[in-house]
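# Coordinate analysis (summary)
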Amino acid sequence: MPTLTLPAEGGCRCGRVRLKISAKPLLTMACHCTGCQSMSSSAYSLSAAIPAEGFEITKGEPVVGGLHGASKHYFCGYCMTWMFTRPEGIDWFVNLRPTMLDDHAWFAPFIETWTSEKLPWAATSAVHSYEALPSFEEYEPLVAEYAGTQA
Ligand SMILES: [Zn+2]
Ligand SMILES: [Zn+2]
C-alpha cells in the first residue's frame, strides 16, 4: 500500500486554491448520505480528518458553498471544486477531501457512514460501517484503532 508522506500539498481542479497538510489524518471516511451524493456528484464523499494545526491554505481564498449552514463547506470560487469541510461546532480538525492532494494513492476510508442512504451497488473497503453516524463516544476508540493501522 502507498503511504502518506508529509508535508503533502494539493489543490483544486484549476489550481487557484492550493493547500498543504503537515499532520496525519485522525480518521478517514466515506459518507454515503444523499447530501454528499449531491455535493460530490458521485456515490459518496471521501474525508480525511486533518488536525487543524496541520492544515494550511497556501494559495487563493476558498469560498463557502453547499448549504451555507452550520457546517462550512469550502470550494474553489473559480472551478467550484468541493475541497474541505469545517464541521459544525468543531475547530480542531478539518475534513479534507483527500483527492485534493496531489498524491492521494495512500487514501482508503477506515469508516463509512450513512449506509442507510447508499446506492445499492456502492461498496468501499471501510473496516467499520454505520447506518448513520458513529455515536460521539465511538470516535475516540475509532481514532485510536485507525492510528494503530497506520503505525
Ligand atoms: Zn479551482
Ligand atoms: Zn455525507
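Below or above, wherever it landed, is the structure these notes cover. (Residues numbered from 1 in each chain as written. Chains lettered and ligands numbered in written order. Predicted model: local features only at pLDDT ≥ 70, side-chain atom pairs only at ≥ 80, totals over all residues. Heavy atoms only, no water.)

## Side note on the environment of Gly-54
Inspection of the secondary structure puts Gly-54 in the loop between β4 (45–51) and β5 (55–59). Separated by 39 residues in sequence, Gly-54 and Gly-15 place their C-alpha atoms 20 Å apart. (Helix = DSSP H or I, 4+ residues; strand = E, 2+ residues; numbered from the N terminus.)

## A few points about the coordination of the zinc ion (ligand 1)
For the zinc ion (ligand 1), the protein coordination sphere consists of Cys-12 (SG), Cys-14 (SG), Cys-76 (SG) and Cys-79 (SG), at 2.3 Å. Here the zinc ion (ligand 1) binds four donor atoms, and the angle range of 106 to 114° at the metal identifies the geometry as tetrahedral. According to the relative accessible area criterion, Cys-14 is partly exposed, its value standing at 31%. (Donors = N, O, S within 2.8 Å, 3.2 Å for Na, K, Ca; no water. Tetrahedral: all angles 85-135°; square planar, octahedral: opposite > 155°, others 65-115°. Buried < 20%, exposed > 50% of the residue type's maximum accessible area, 1.4 Å probe, protein only.)

## Observations regarding the sheet that holds strand β3 (residues 27–31)
An order of β6-β7-β8-β9-β4-β3-β10-β11 is seen for the eight strands of this open sheet, with the pairing classed as mixed. With one partner strand each, in any of the chains shown, β6 (63–65) and β11 (128–129) form the two edges of the open sheet. Relative to β3, helix α2 (residues 139–150) is tilted by about 115°, and along the sheet it contacts β3, β10 (111–113) and β11. (Pairing = 2+ DSSP bridges. Contact = heavy atoms within 4.5 Å. Axes fitted to C-alpha atoms, helices over the stretch in contact; angles between N-to-C directions.)

## Points about the environment of Pro-109
The residue Pro-109 is located in the loop between β9 (93–96) and β10 in this model. Here Pro-109 falls in the buried class, since its relative accessible area comes to 12%. Considering only alpha carbons, one finds Pro-109 and Cys-31, 78 residues apart in sequence, at a separation of 9.3 Å. Once residues within four sequence positions are removed from consideration, Pro-109 is found in contact with Thr-28, Met-29, Ala-30, Thr-124, Ser-125, Ala-126 and Val-127.

## A short note on the pattern of salt bridges
Going through the model one piece at a time under the given rule, you end up with one salt bridge. A salt bridge links Asp-102 to Arg-18, with the nearest nitrogen and oxygen atoms 2.8 Å apart. Of the two residues, Asp-102 is situated in the loop between β9 and β10 and Arg-18 in strand β2 (residues 18–21); the sequence distance between them amounts to 84 residues. (Salt bridge = Lys/Arg side-chain N within 4 Å of Asp/Glu carboxyl O.)

## Quick word on the sheet that holds β5
Pairing is antiparallel in the open sheet, where three strands are placed in the order β1-β2-β5. Each edge of the sheet is formed by a strand with only one pairing partner; in this case those strands are β1 (8–11) and β5. Strand-to-strand twist of the sheet, defined as the mean angle between neighbouring strand axes without regard to direction, takes the value 30°. Direction of pairing for β2 relative to β5: antiparallel, over a ladder of four bridges. Within β5, the position partnered with Arg-18 by the bridge is Lys-59.

## Observations regarding the nonpolar core
The tendency in soluble globular proteins is for nonpolar side chains to be buried as a group. Counting residues in each nonpolar core, the largest one holds 27 residues, and the members touching the most others are Phe-55, Met-83 and Leu-96. At the level of elements, β2, β3, β4, β8 (82–86), β9 and α2 are the ones that each hand at least two residues to this core. Residues in contact with Phe-55, not counting those within four places in the same chain, are Leu-19, Lys-20, Ile-21, Ile-50, Phe-84, Arg-86, Val-94 and Leu-96. Membership of the second largest hydrophobic core comes to five residues, among which are Cys-31, Cys-33, Cys-36 and Phe-75. (Core = buried A, V, L, I, M, F, W, Y, C linked by side-chain atoms within 4.5 Å.)

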